[in-house]
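Chain and residue survey
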Amino acid sequence: MRSLCIIAALTAFAPGALAQEPPAAQEPPAAQEPPVKVPPHLVGPVTPDYPPEALPERLTGRVTVEVHIAADGTVTDPVYVSGGPEVFIAPALDAARRLGFEHGTRNGVPVPYHLAVHFDFAPPADPASSGPSPEGNVPSKDGVPSKDITVYGYRSLATSETHAVTTIRVEDLERSGGDDLGETISNVPGVAMARGSSDSTKPIIRGQVERRLLVLFDGVRHESQKWGLDHATEIDPFAAGEIHVIKGAAGVRYGPDAIGGVVLVEPPPLRTDSGVGGKAQIAGSSNGQRVVAAARVDGSPVAVPGFAWRVEGNYARGAALSTPTYVLGNTGSEEWNAGTKLGYSRDFVQLEASYHHFDLRSGVCYCVQSGTPEEFLAQLDADAPTRSDIWTPSYEIGRPYQAVTHDVALARSVFSLSGGGKMKVTYAFQANLRQEFEQTRASITGSQYDFTLRTHSLDAAWEQAEVGLQSGGSLTGGVGVSGTFQENVYRGLPLIPNFRSFQGGVFGFERLKVGPVEIEAGARYDHLSRTAYLTPSAFERSVARDTLGEEDCEVGEDAASCPAAYDAASASLGGLWHVVPQRLEARLDLSSATRFPNADELYMNGSAPTFPVYALGDPSLGTETTWGVSPTLGLRLPWIEAEASTYLNCIDDYVYFAPELGEDGGPVVDVTIEGAFPRFAYRPIDALFYGVDGGVTLGPDAPVGLLLQGAIVRAVDTETQGALVMIPPDRVEATLKFSPPDLGPLHKAFAEVSGLYVFEQTHVDPNADLAPPPDAYFLLDAAIGAELPLGKHTLKIGLEAHNLLNARYRDYSSLLRYYADEPGRDLRLRVGLDF
Amino acid sequence: MFTLILPLSLLAACTDVTNPDEVNAEEVITTVALTFTPVSGGAAVEAAWADPENDGSPVIDDIVLSDTDDYTLAVSFLNEIEDPAEDITEEVNAESDQHQVFLTGSAVQGPATGENASAVIAQAYDDADANGFPIGLSSSVMTLGVGSGTMTITLRHLPPENDTPVKTGTLADDVAAGGIESLPGETDASVDFGLEVQ
């Protein structure tokens, strides 16, 4: 019996774990003070019964149940927490009552405990589709085959969040087979994707671009040159087991950059039962003739209980993409990723270490030219880029191109503390190397823009166990500290300076549960101290342009060092009201978050490589602060599920990158030897973002289901009432999905058709943009897929068609819209094997 | 016993942060220098558009030619950030099948302008690359009468795309018909001079 995973609940973490020898099983750690606590130990696995009434539709699902473990180890009072479909709730509660535990102790004395337990359900003869230990059928005692149980200490984030959250499960991640992060999450209501200058994208959440978003990979804040419009997020899409998209300011828990939203990329949990398993996938795309191959192997040796390992990697190679009428010359790309993770989990301790390498070489479209404004405007009017007739769908990647690597290594320990709380400590090191190669004279070799960003981070968090109140409610909470040391080394044509920074933060939150209502309040404080190092000539250029004064920096022989320090406070108050438990819930989030200015916003001074403007930073910029309110309503009935969320965010001193206007109201022009460029400057404005997003699913578990979703974002400068540029236009999407019962040996067969209509952006400020917005567009997608069980393995096959009508379109929030159409029709075949 | 191994090798301190380098400066063109040599002999007329610090504050010489003479024009490109200044002209000449200089503006009539009633000089290409296409580092300039106007010197870099050359023999005609923006490639330099014929 394998399907039993004991993850965080039965383990815990402490900073001392690094130095301290983990005690043997059952033996409480002696160094802990106050009392030593050993959580309950699961004795023997339990499989939930797959309900026969779910068989015709072959439903799958996950149900989370909270159990109370008495001092004698018996389980009482299992309570449904989240998940579904509904048909699985009763079997999950039944199974929870059958769970057996060796009682937990406190200073050797048996004490009661609370735990959250996940049960996954899948129909018989249907191997696991996800999770750490894909495996074959597990017949239960009464002959009804069932599936793995997973016991977690954390409740699924989505159930307790007071924000609007969307989770992308592994099934959908598999379907996205090799898409980058921006594409993968672009189906979430309220999220749009911005295509850069190559075969890569960036996410936009509720109108906020990546510098106001935080991407966490395995709990580590992803640190990169994320300010660039064509700098795609360096995340391995195959390393994700689940992705949570949190919409709205979540700065208290995740840090100052999270003022627009957070993307949590969670790797699948490590294997907890002995054995070896994994998955492999290959996929091919017609557009760009892209081929991608990926594999992951998880194992846990019998000889070392509690130890688990993972090795994963993938490779993708694509030729230049094509629009319906021409090739996007030189957009070929080559990407590979490799990663490994080790974990040890025993009693009250869990240790993890992992390493991932990301490597991307991506051609920049020949169509993206940093020409003069006259050339830029002339090509805007052209039907096709000049010379597009000579471009071929070649795999060759020539200049201009980008070469990017990202390495992240982390070590984490989680310790249980007396009182049932736990302590989590994570150290991570990241190195982000970005090189951009321009078209140059043959005598010039090497890159023209070369960025190295190294980040060390140390995070410690204590999570309090749930405490019952005399009045009947309960309290949970946590506090944490985080520290980051970062160094940026830039070598290249004048653009941004080197810098070194220290950032420290402290946060705390507390959650009160009373009956159907949960209220969470949190606060955070961060400090950033950063010194920028400019070359003497760059410093002179800044002084010449009046952005830096002689007194702002200490001028030495090799460098001018310009120190700056900032403070940021964040606070949040959120509520979750189970109006009708399991049926209707209302969430309200009130947040304030503050973001530090990035180095490019302060010190940028140069021609942007992919934009015909002269960009100028402003060292006097301070922090920007958002004040937001976002109510969310969720409904869940057997035949309909719906969620709608609306929001209003006021951002004080929002750093806006827009044309600088002179005293006469006309644009300021910078004369360089390559011509005259309009000057774009970062300047603080007061901005207001508001909108609504959500979706309705009719027949979520029926053979025929219909999903409707949409999003509206508005963003204005409150002083001028002018619309902000690059805000995603309104969009609606409808998906019709057929999920027939089993077709012969095929399981989970589906066919779906999806239509996306994106309106023309009518809220524009002609003075702040270089081109008028593109027309509205309609995209038709379709997909079919199925799974074929092969003994203990599962073969997964899918065929996806994107832009089936081969529509010509440009997207308002993409950089590419200034130069060329978006890619045309793409047919993608994928074959995967779980083993 | 389980020991957590920190990636200590990655912790090595980095000292290059505080010593920023001005690298890739070799790619920069700071100066466009023009030499008008009278056909009849005598002192050459020199003029330059120079931004030696590359900080956007160029010094631009006016050009004054004599109506009684004709000239040969040599265009050169310099990088004055380097010390001594680097002559980029040699690199352009070495890659002449990927570069071309265009003369436009109100003062000029030539291959890249077509008919121009206000012109005070007439320009003709005086050099050619291996394919027989003009380069423009050397031109002949004939004065057309007393007057003044502007002259724009554009150096266009025309690297091949998908292994297909983009420099052809008719690019000057394209500029005359549709402006510099109708050209393939990228502008390496584009500067304006005031030009007077006395």
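As the structure is a prediction and not an experimental result, all values here were calculated from the model.

Regarding the overall build of chain B
Helix and strand counts for chain B come out as two helices and twelve strands. Put simply, chain B runs from its N terminus to its C terminus through helices and strands in the order β-β-β-β-β-β-α-β-β-β-β-β-α-β. Surface summary for chain B: the accessible area is close to 8400 Å², and the carbon and sulfur share equals 51%.

Here we look at unusual backbone geometry
Look at the link from A:Arg399 to A:Pro400: it is a cis peptide, with omega at 0°. With respect to the helices and strands, the residue A:Pro400 is situated in the loop between α6 (373-381) and β25 (401-416). A cis amide bond links B:Asp83 to the next residue, B:Pro84, at an omega of 0°. With a phi close to 55°, A:Asp653 is a non-glycine residue in the positive phi region. The residue A:Asp653 is located in strand β37 (residues 640-659) in this model. The backbone of A:Gln721 sits at a positive phi, close to 65°, despite the residue not being glycine. Locating A:Gln721 in the fold gives a position in the loop between β40 (704-717) and β41 (731-738).

Some words on the interface of chain A and chain B
Interfaces are frequently sized by the accessible area removed from exposure as the parts join. Each partner contributes residues to the interface: chain A has 63 residues there, and chain B has 55 residues. In this assembly, chain A packs against chain B so that about 5100 Å² is buried in total across both faces, 56% of it on carbon and sulfur atoms. Per-residue buried area on chain A facing chain B is highest for A:Gln439, A:Arg441 and A:Ile673; these three make up 17% of the total on that side. Between A:Arg454 and B:Asp16 there is a salt bridge, with its nearest N and O atoms 3.8 Å apart. Viewed at the interface, chain B and chain A are joined by nine residue pairs in polar contact (both at pLDDT 80 or more). No other element matches strand β28 (residues 474-492) of chain A, which puts five residues into the side of chain A that touches chain B. Within the side of chain A that touches chain B, the residues separate by chemical class into 28 nonpolar, 19 polar and 16 charged.

Examining the sheet that holds strand β19 (residues 261-266) of chain A
Residues and elements named next belong to chain A. What the five strands build is an open sheet, ordered β13-β18-β19-β16-β17; its pairing is mixed. Every interior strand has two partners, whereas the edge strands, β13 (164-168) and β17 (220-221), have only one. Strand direction decides the pairing type here: strand β16 (residues 213-217) and β17, joined by two bridges, are antiparallel. What sits directly across from leucine 216, in β17, is arginine 221.

What about the domain arrangement of chain A?
Residue and element names in this part refer to chain A. Split into domains, chain A comes out as domain 1 (4-154), domain 2 (161-262) and domain 3 (263-834). With centres defined by C-alpha atoms, the gap from domain 2 to domain 3 works out at 4 Å. On the side of domain 3, 118 residues touch domain 2, which itself brings 74 residues to the contact. Taken over both partners, the interface formed by domain 2 and domain 3 buries close to 7700 Å², and the fraction arising from carbon and sulfur atoms is 52%. Across the domain 2-domain 3 interface, the total number found is 17 salt bridges. Across the domain 2-domain 3 interface, the total number found is 42 residue pairs in polar contact (both at pLDDT 80 or more). For the side of domain 2 that touches domain 3, the element with the most residues is strand β18 (residues 242-247), which contributes five residues. Grouping the constituent residues of the side of domain 2 that touches domain 3 by class yields 33 nonpolar, 22 polar and 19 charged.

Considering the pairing of β40(A)
All names here are of chain A. Where strand β39 (residues 675-698) lies against β40, twelve bridges are found, and the strand directions are antiparallel. Bridging across to β40, phenylalanine 689 finds its partner in alanine 715. Counting the residues between successive antiparallel strands, the hairpin from β39 to β40 contains five residues, one of them, glycine 699, with a positive phi of roughly 70°. Sheet topology note: the β40/β41 ladder contains eight bridges and is antiparallel. When the sheet's bridge partners are listed, alanine 711 is paired in β41 with arginine 731.

Side note on helix α7 (residues 536-544) of chain A
An α-helical turn contains 3.6 residues, so a residue and the one three or four places further along point in the same direction. Residue and element names in this part refer to chain A. Buried residues of α7: Ala538, Phe539, Arg541 and Ser542, and no others. What you see down the axis of α7 is that its buried residues fit within an arc of 160°, all on one side. Against the buried residues of α7 lie β30 (517-534), β31 (554-555), β32 (560-580) and β34 (605-607). Within two residues after α7, aspartate 546 carries a phi angle of roughly 65°, on the positive side.

Brief notes about the state of the cysteines
Residue and element names in this part refer to chain A. Summed over all chains, the structure comprises two disulfides over all chains. Here cysteine 365 connects covalently by a disulfide to cysteine 367, the sulfurs 2.2 Å from one another. The chirality of the disulfide connecting cysteine 365 with cysteine 367 is right-handed, given an S-S dihedral of about 130°. Here the two residues cysteine 365 and cysteine 367 agree in accessibility, since each one is buried. Disulfide pairing is shown between cysteine 553 and cysteine 562; the S-S distance is 2.1 Å. Judged by the torsion about the S-S bond (105°), the cysteine 553/cysteine 562 disulfide is right-handed. Numbered by order of appearance in the sequence, the disulfide-linked cysteines of chain A pair as 1-2, 3-4.

Quick word on a nonpolar patch on the surface
Residue and element names in this part refer to chain A. Side chains of Leu469, Leu512, Val514, Ile519, Leu573, Leu588 and Leu590 sit close together on the surface and give an oily, nonpolar patch of about 500 Å² of accessible area. With respect to the helices and strands, the residue leucine 469 is situated in the loop between β27 (449-468) and β28. The exposure class assigned to leucine 469 is partly exposed, which follows from its relative accessible area of 30%.

Some thoughts on the nonpolar core
Ranked by internal contacts, the top residues of the largest apolar core, which has 38 residues, are A:Leu328, A:Cys367, A:Tyr654, A:Tyr656, A:Phe689, A:Leu724 and A:Tyr818. Going through the elements one at a time, α6, β37, β39 and β40 of chain A are the ones with two or more residues in this core. Ranked by residue count, the leading element in this core is β37(A), at five residues. Discounting residues that sit within four places of it in the chain, A:Leu328 has contacts with A:Ala320, A:Leu321, A:Ser322, A:Thr323, A:Cys365, A:Cys367, A:Trp391, A:Leu816, A:Ala820, A:Asp821 and A:Pro823. Residues B:Val32, B:Phe36, B:Ala189 and B:Val191 belong to the second largest nonpolar core, which totals 32 residues.

Here we look at the packing of aromatic side chains
For the coordinates displayed, the defined rule picks out 16 aromatic pairs over all chains. With centroids separated by 6.1 Å and ring planes inclined at 85°, the aromatic side chains of B:Phe36 and B:Tyr71 adopt a geometry described as edge-to-face. Here B:Phe36 is found in strand β1 (residues 31-38), whereas its partner B:Tyr71 is found in strand β5 (residues 70-79), with 35 residues between them in sequence. The buried category is assigned to B:Tyr71, whose relative accessible area is 4%. Grouping aromatic residues by their ring pairs yields a cluster made of A:Trp227, A:Phe451 and A:Tyr490. The lysine or arginine in question, A:Arg361, covers the ring of A:Tyr401, its NZ or CZ lying 5.7 Å from the ring centre.

Section: the pattern of salt bridges
This structure, assessed with the given rule, holds 52 salt bridges over all chains. A salt bridge links A:Arg387 to B:Glu161, with the shortest nitrogen-to-oxygen separation between them at 2.7 Å. Here B:Glu161 lies in the loop between β11 (147-157) and α2 (171-178) and A:Arg387 lies in the loop between α6 and β25, a pairing that spans two chains. Between A:Glu436 and A:Arg434 there is a salt bridge whose closest N-O contact spans 3.0 Å. Neither residue differs from the other here; A:Glu436 and A:Arg434 are each classed as buried. When salt bridges with common partners are traced through the structure, they connect A:Arg211, A:Arg212, A:Arg595, A:Asp600, A:Glu601 and A:Glu624 into a single cluster.

Rules used throughout
- Once a new chain begins, its residue numbering starts again from 1 and follows that chain's sequence as written.
- As a convention, the first chain written is A and the first ligand written is 1, with the rest following in written order.
- Local features in this predicted model are restricted to residues of pLDDT 70 or higher, and side-chain atom pairs are both shown and tallied only at a pLDDT of 80 or more, whereas totals for entire chains, interfaces and linings draw on every residue.
- The basis for every side-chain value is the complete set of non-hydrogen atoms in the structure, without hydrogens or water.
- Numbering of helices and strands starts at the N terminus; helices are DSSP runs of H or I of at least 4 residues and strands are runs of E of at least 2.
- For the area figures, the Shrake-Rupley method with a 1.4 Å probe applies, and any residue is considered shielded solely by the protein chains shown.
- Whether two residues touch is decided by their heavy atoms; if any such pair falls within 4.5 Å, the residues are in contact.
- Here the quantity called buried area is the accessible surface, traced with a 1.4 Å probe, that two parts lose on coming together, added over both.
- A carboxyl oxygen of Asp or Glu within 4 Å of a side-chain nitrogen of Lys or Arg is what we treat as a salt bridge.
- Under this definition, polar contacts are N or O atom pairs within 3.5 Å; protein pairs additionally need one hydrogen-donor-capable and one acceptor-capable atom, and for neighbouring residues in sequence, both atoms have to be side-chain atoms.
- Residues are grouped as follows: Ala, Val, Leu, Ile, Met, Phe, Trp, Tyr, Cys and Pro are nonpolar; Asp, Glu, Lys and Arg are charged; every other residue, Gly included, is polar.
- For two strands to be treated as a pair, DSSP must find at least two bridges joining them.
- How far each domain reaches was decided by an automatic or database domain assignment.
- Throughout this description, buried means an accessible area under 20% of the type-specific maximum (1.4 Å probe, protein chains only), exposed means over 50%, and partly exposed covers the range between.
- As used here, the arc belongs to the directions running from the helix axis to the C-beta atoms.
- Note on disulfides: each one is a pair of cysteine sulfur atoms within 2.5 Å.
- For patches, a residue must show more than 30% relative accessible area and have no salt bridge; joins then use 9 Å for like charges and 5 Å for nonpolar side chains, namely Val, Leu, Ile, Met, Phe, Trp and Tyr.
- Among the buried residues, those of types Ala, Val, Leu, Ile, Met, Phe, Trp, Tyr and Cys that are joined through side-chain atoms within 4.5 Å form a nonpolar core.
- Aromatic pairing here means that ring centres of Phe, Tyr or Trp (its six-membered ring) are within 6.5 Å. Orientation follows from the plane angle: under 30 degrees is stacked, over 60 is edge-to-face, and everything else is tilted.
- Look at NZ for Lys and CZ for Arg. If either is within 6 Å of the ring centre and within 35 degrees of the ring normal, a charge sits over the ring.

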